[in-house]
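So you can see what is in the structure, the chains are spelled out below.
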Amino acid sequence: MHSVTFEQQLINPSKIICIGRNYLAHIRELGNAVPDELVVFLKPNSAITQTLHAEHMGEALHYEAELAYLYQQGKFVAVAASLDLTKRALQTKLKDKGLPWEKAKAFDQSALFSEFVAISDNDEPLSIVLTIDDCIRQKESNTLMIHKPSQILQEVESWLTLEDGDIVMTGTPKGVGQVNENSLFVGQVMRGDDCLVEARWQS
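Small disclaimer: the values here were computed from a predicted structure and weren't measured.

Trainee: Honestly, the sheet that holds strand 17 (residues 184-191) in this entry has me stumped. Any pointers?
Mentor: By way of backbone hydrogen bonds, the strands of a sheet pair with one another, either parallel or antiparallel. The sheet built from four strands is open, its strands ordered 14-13-17-18 with antiparallel pairing. The two strands at the open ends of the sheet, each matched to only one other strand, are strand 14 (135-141) and strand 18 (194-202). Along the sheet, successive strands turn relative to each other by an average axial angle of 15°, direction set aside. Pairing analysis gives six bridges linking strand 13 (residues 127-132) to strand 14, with the strands arranged antiparallel. Following the sheet pairing, Val129 is matched in strand 14 by Lys139.

Trainee: What is the right way to look at the environment of Asn142 in this model?
Mentor: Residue position: Asn142 is located in the loop between strand 14 and helix 4 (149-157). Placed 76 residues apart in sequence, Asn142 and Glu66 show a C-alpha to C-alpha distance of 9.6 Å. If we ignore the near neighbours within four places in the chain, the residues touching Asn142 are Tyr23, Leu67, Tyr69, Glu124, Pro125, Leu126, Lys148 and Pro149. At a separation of 2.9 Å, a polar atom in the side chain of Asn142 contacts the main-chain carbonyl oxygen of Glu124.

Trainee: Quick question: what am I supposed to make of the environment of Val179 here?
Mentor: Residue placement: Val179 occurs in the loop between strand 16 (177-178) and strand 17. The exposure class of Val179 is buried, given its relative accessible area of 2%. Counting along the chain gives 37 residues from Val179 to Asn142, while the straight-line C-alpha distance between them is 24 Å. When neighbours within four sequence positions are excluded, Val179 is seen to be in contact with Leu52, His53, Ala54, Leu61, His62, Tyr63, Leu85, Phe185 and Ser203.

Trainee: Teacher, can you tell me more about a nonpolar patch on the surface here?
Mentor: On the surface, Leu24, Val34 and Ile146 cluster together into a nonpolar patch covering about 230 Å² of accessible area. Residue position: Val34 is located in the loop between helix 1 (24-29) and strand 4 (39-44).

Trainee: Even after reading the chapter, I still don't get the nonpolar core, so can you show me in this structure?
Mentor: The nonpolar side chains of soluble globular proteins are, as a tendency, buried together. One finds Leu52, Tyr63, Leu67, Val79, Leu83, Leu85 and Phe185 to be the most contacted residues of the largest nonpolar core, which totals 38 residues. Secondary-structure elements contributing two or more residues to this core are strand 3 (15-20), strand 9 (65-72), strand 10 (75-84), strand 13, helix 4, strand 17 and strand 18. Cys18, Ala68, Trp101 and Met169 belong to the second-largest nonpolar core, a separate cluster that totals 20 residues.

Trainee: Teacher, can you tell me more about the side chain of Thr131 here?
Mentor: Along the polypeptide, Thr131 turns up in strand 13. The exposure class of Thr131 is buried, given its relative accessible area of 14%. Leave out the neighbours within four places in its chain, and Thr131 touches Ile136, Arg137, Leu184, Phe185 and Val186.

Trainee: Can you walk me through the side chain of Glu124 in this structure?
Mentor: Looking at where Glu124 falls in the secondary structure, it is placed in the loop between strand 12 (117-118) and strand 13. By relative accessible area, Glu124 is classed as buried at 11%. If we skip the residues at most four places from it in the chain, Glu124 touches Ile119, Asn142 and Arg191.

Trainee: Even after reading the chapter, I still don't get the state of the cysteines, so can you show me in this structure?
Mentor: Should the sulfur atoms of two cysteines be covalently bonded, the bond is a disulfide. Summed over all chains, the structure comprises zero disulfides. Cysteine Cys195 shares no disulfide, and the gap to the nearest cysteine sulfur, in Cys135, comes to 18 Å. What makes Cys195 partly exposed here is its relative accessible area of 36%.

Trainee: Would you mind showing me how to read helix 2 (residues 88-96) here?
Mentor: Given 3.6 residues per turn, any residue in an α-helix points the same way as the ones three and four places further on. Those residues of helix 2 not exposed but buried are Arg88, Leu90, Gln91 and Leu94. Considered in projection along helix 2, the buried side chains sweep an arc of 160° and stay on one side of the axis. Exposed residues on helix 2 whose side chains face more than 90 degrees from its buried face are Ala89 and Asp96. Packing partners of the buried residues in helix 2 comprise strand 7 (59-60), strand 8 (62-63) and helix 3 (102-105). Remark: Gly98 follows helix 2 within two positions and exhibits a positive phi of approximately 70°.

The rules behind the values
- Residues numbered from 1 in each chain as written.
- Predicted model: local features only at pLDDT ≥ 70, side-chain atom pairs only at ≥ 80, totals over all residues.
- Heavy atoms only, no water.
- Pairing = 2+ DSSP bridges.
- Helix = DSSP H or I, 4+ residues; strand = E, 2+ residues; numbered from the N terminus.
- Axes fitted to C-alpha atoms, helices over the stretch in contact; angles between N-to-C directions.
- Contact = heavy atoms within 4.5 Å.
- Polar contact = N/O pair within 3.5 Å; in protein donor to acceptor, adjacent residues only side chain to side chain.
- Buried < 20%, exposed > 50% of the residue type's maximum accessible area, 1.4 Å probe, protein only.
- Patch = residues over 30% accessible without salt bridge, like charges linked within 9 Å, V, L, I, M, F, W, Y side chains within 5 Å.
- Areas by Shrake-Rupley, 256 points an atom, 1.4 Å probe, with all protein chains shown as cover.
- Salt bridge = Lys/Arg side-chain N within 4 Å of Asp/Glu carboxyl O.
- Core = buried A, V, L, I, M, F, W, Y, C linked by side-chain atoms within 4.5 Å.
- Disulfide = S-S within 2.5 Å.
- Arc of directions from axis to C-beta.

Structural data, given as structure tokens:
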């Protein structure tokens, strides 16, 4: 089992629940329709990695920085900076055919996480910031999510059993793009002007 870290403990998530199309500006930048309900897809435990690749099986990867929440005992107890890696060309092809996205989203080594840090409120105002080679590419607050973390949790739990240690990735803001080789990615979770946690990934 692949692991993430919380309070110096290794956590083995049984699954990663991912929320799509949760920021209006990102929906617009990809030319998608605003959904009427929560868009959900899953990644397996084998998606977890600390290695940032620019390609997977010869296909270019795109980055999507997200706030990721760790689930324990019925609530979100911690947050991390994360990257959802996507085969954008394949995803577009699958969507055009009306097919599921899993082959473009749920492949091995498609999810990266910083250390998780404790939070006391599911909807505490936090921001995700992604810097690539010293240039800010993505920066947005969870207050601009269409579905806030507590709403996401309530909806997901209405039809899916969450196990302690599961992770919920809550959607990406605008600014997504292709992963280029030999770039330094820095993901941060911010509370106001204070950085709660930071991760560095070299592609």
